[in-house]
Amino acid sequence: MLEGKNIILGVCGSIAAYKSALLVRLLVKAGAQVQVVMTPDATSFITPLTLSTLSKNPVLVNYFKPDTGEWNNHVELGLWADMLIIAPASANTLAKMANGLCDNLLTAVYLSTKCPVYFAPAMDLDMWLHPATRQNVARLQSFGNTLIAPGNGELASGLYGEGRLAEPEEIVDFLSSTLKKKRLLADQKIMVTAGPTYEAIDPVRFIGNHSSGKMGFAIADELALMGADVTLITGPTAQVSRQQTVKRIDVTSAAEMLEACANNFENAKACIMSAAVADYTPAQVAAQKIKKQDDSLNIELKKTTDILKFLGERKAEGQILVGFALETNDEEQNAMNKLQRKNLDFIVLNSLNDAGAGFKKDTNKITIIDRSLQKTVFELKSKDAVARDICLKVAQLING
Ligand code: CTP
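It should be emphasised that the depicted structure is a prediction, and the values quoted were computed from it without experimental measurement. The residue numbering used here restarts from 1 in each chain and proceeds along that chain's sequence as written. Under the rules for a predicted model, residues below a pLDDT of 70 receive no local features and side-chain atom pairs below 80 are neither given nor counted, while totals for whole chains, interfaces and linings still include all residues. Based on all heavy atoms of the structure, the side-chain values leave hydrogens and waters out of the count.

Draft legend 1. Fine view of unusual backbone geometry. Geometrically, the link from A87 to P88 is a cis peptide bond, its omega value of -5° lying close to zero. Within the element layout of this structure, P88 appears in strand β3 (residues 83-89). Positioned with a positive phi, K56 is a non-glycine residue whose angle comes to about 65°. Strands here are runs of E lasting at least two residues and helices are runs of H or I lasting at least four, both read from the DSSP assignment and numbered beginning at the N terminus. For K56, the position within the fold is in the loop between α2 (48-55) and α3 (74-80).

Draft legend 2. Molecular detail of the side chain of N6. Looking at the element boundaries, N6 is found in strand β1 (residues 6-11). Between buried and exposed lies partly exposed: a residue is buried under 20% and exposed over 50% of the maximum accessible area for its type, with that area taken using a 1.4 Å probe on protein chains only. On the basis of relative accessibility, which here comes to 17%, the residue N6 falls in the buried class. There is a polar contact of 3.2 Å between the side chain of N6 and the backbone oxygen of W80. Ignoring any residue separated from it by four or fewer positions in sequence, one finds N6 in contact with Q33, W80, A81, D82 and M83. As used in this structure description, the phrase polar contact means that two N or O atoms lie within 3.5 Å; if the pair is within protein, one of them must be able to donate a hydrogen and the other to accept it, and residues adjacent in sequence are counted only when both atoms belong to side chains. It only takes one pair of heavy atoms within 4.5 Å for two residues to be counted as in contact.

Draft legend 3. Spatial organisation of the domain arrangement of the protein chain. The domain boundaries assigned to the protein chain delineate domain 1 (6-181) and domain 2 (189-398). Here the bounds of each domain stem from an automatic or database domain assignment. A separation of 39 Å is found between the C-alpha centroids of domain 1 and domain 2. Contacts between the two partners involve five residues from domain 1 and, on the opposite side, seven residues from domain 2. Here the quantity called buried area is the total loss of accessible area, with a 1.4 Å probe, experienced by two parts when brought into contact, counted for both. Where domain 1 abuts domain 2, roughly 510 Å² becomes buried across the two surfaces, and 44% of that area is made up of carbon and sulfur atoms. Salt bridges are identified by distance alone: a Lys or Arg side-chain nitrogen within 4 Å of an Asp or Glu carboxyl oxygen. Our enumeration of links across domain 1 and domain 2 arrives at one salt bridge. Here E222 ties to K181 by a salt bridge, and the two come within 2.8 Å at their closest N and O atoms. Residues were grouped as follows: Ala, Val, Leu, Ile, Met, Phe, Trp, Tyr, Cys and Pro as nonpolar; Asp, Glu, Lys and Arg as charged; and all remaining residues, including Gly, as polar. Of the residues belonging to the side of domain 1 that touches domain 2, the class tally is one nonpolar, three polar and one charged.

Draft legend 4. Broad picture of the nonpolar core. Nine residue types can take part in a nonpolar core, namely buried Ala, Val, Leu, Ile, Met, Phe, Trp, Tyr and Cys, and a core is a set of them joined through side-chain atoms within 4.5 Å. Within the largest apolar cluster, 33 residues are counted, with the highest numbers of intra-cluster contacts made by I190, I219, L223 and I390. For I390, the residues in contact, after removing those within four places along its chain, are M215, I219, I272, F324, F346, V348, I366 and I368. If you look at the next biggest cluster of nonpolar residues, it comprises 32 residues, including L23, A32, V61 and I171.

If you want it as structure tokens, here you go:
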């Protein structure tokens, strides 16, 4: 998987820099061209000579080459790279990256590059646990950078805990499996819906629901990791995509979601419809704020278009349509009815009777029912892991 890839390996000032020698060797052995960029402090832990000998390339440390007066062009370096790996990533460099500082060549390359970025932190337990570091890591992930998590064990300080640089073999395995995964749905156009819809009653009030959008965003991120070209149509939510390639379309009402779905459906190889769309919407939206008057107030509602059914009726040969069913009773029977009524390829059943499943939680428990009414029951898992199960099923259907 790494054969022929141009890799920049950023090495920071950390005792774990000694592992960079082995990492360079493994990357070169896997067929990659490796350009090492060290921070000035990293050179106190391991010599540039070691890393340049192993990488077969001069190591870069400074903006300027002191002997010739030339400068190391961080923009060219950034554009050359197919991937930037920062290992070990020190707390200091993570903080600079998270805040856009570029006071050395490595951080300037980071800001200049457009390629995928992986960072493998190494630091002492308390530095790793500090809220500032937690925030910096979360910020980098929100930029679409990928964390290669540190391991647990004895640290240079003598303390035990999390903070050890992942082993070089683990880093190479992680990179290879990430690249392999990217091929699963490479360039397939996939549409995802997420979140609630808000149906206006008057200029200040609406009918909504408790959907957080977490499940749909996790699905969109997972599809992007599998290489898909993802369009995410979402109702109002505070969620953000962790994968920068996800194209997001914001909508508010069921009618707006229908329009966005109809516009994007034709080009989509698959659609995963996880939004909690309102089934009814006020028949009239009051032009002015409704004033408090009588003891009761009746609002007439009219049915919205069932978007999933609408798409199911227009589905072309080979297009894959996936729906969700959130049920409180007769779960499997209701889900099977929805699967058939809406012409789906499979349906993801959530039962509100399962502890840990449903709205706003970080976990979910699902059953997948396919067209032949075969059931697969999954354990309670994080929403990211559930997203993986759903997306693998889609990849399986697409790739036969
Ligand atoms: N759905 C949709 N458009 C609607 C309502 C629902 O696309 N107007 C989709 C949801 O995104 C979900 C599936 O239909 O994938 C099932 O939604 P759910 O609310 O469980 O089912 P309904 O068909 O609305 O049936 P009911 O509310 O009677 O359970």
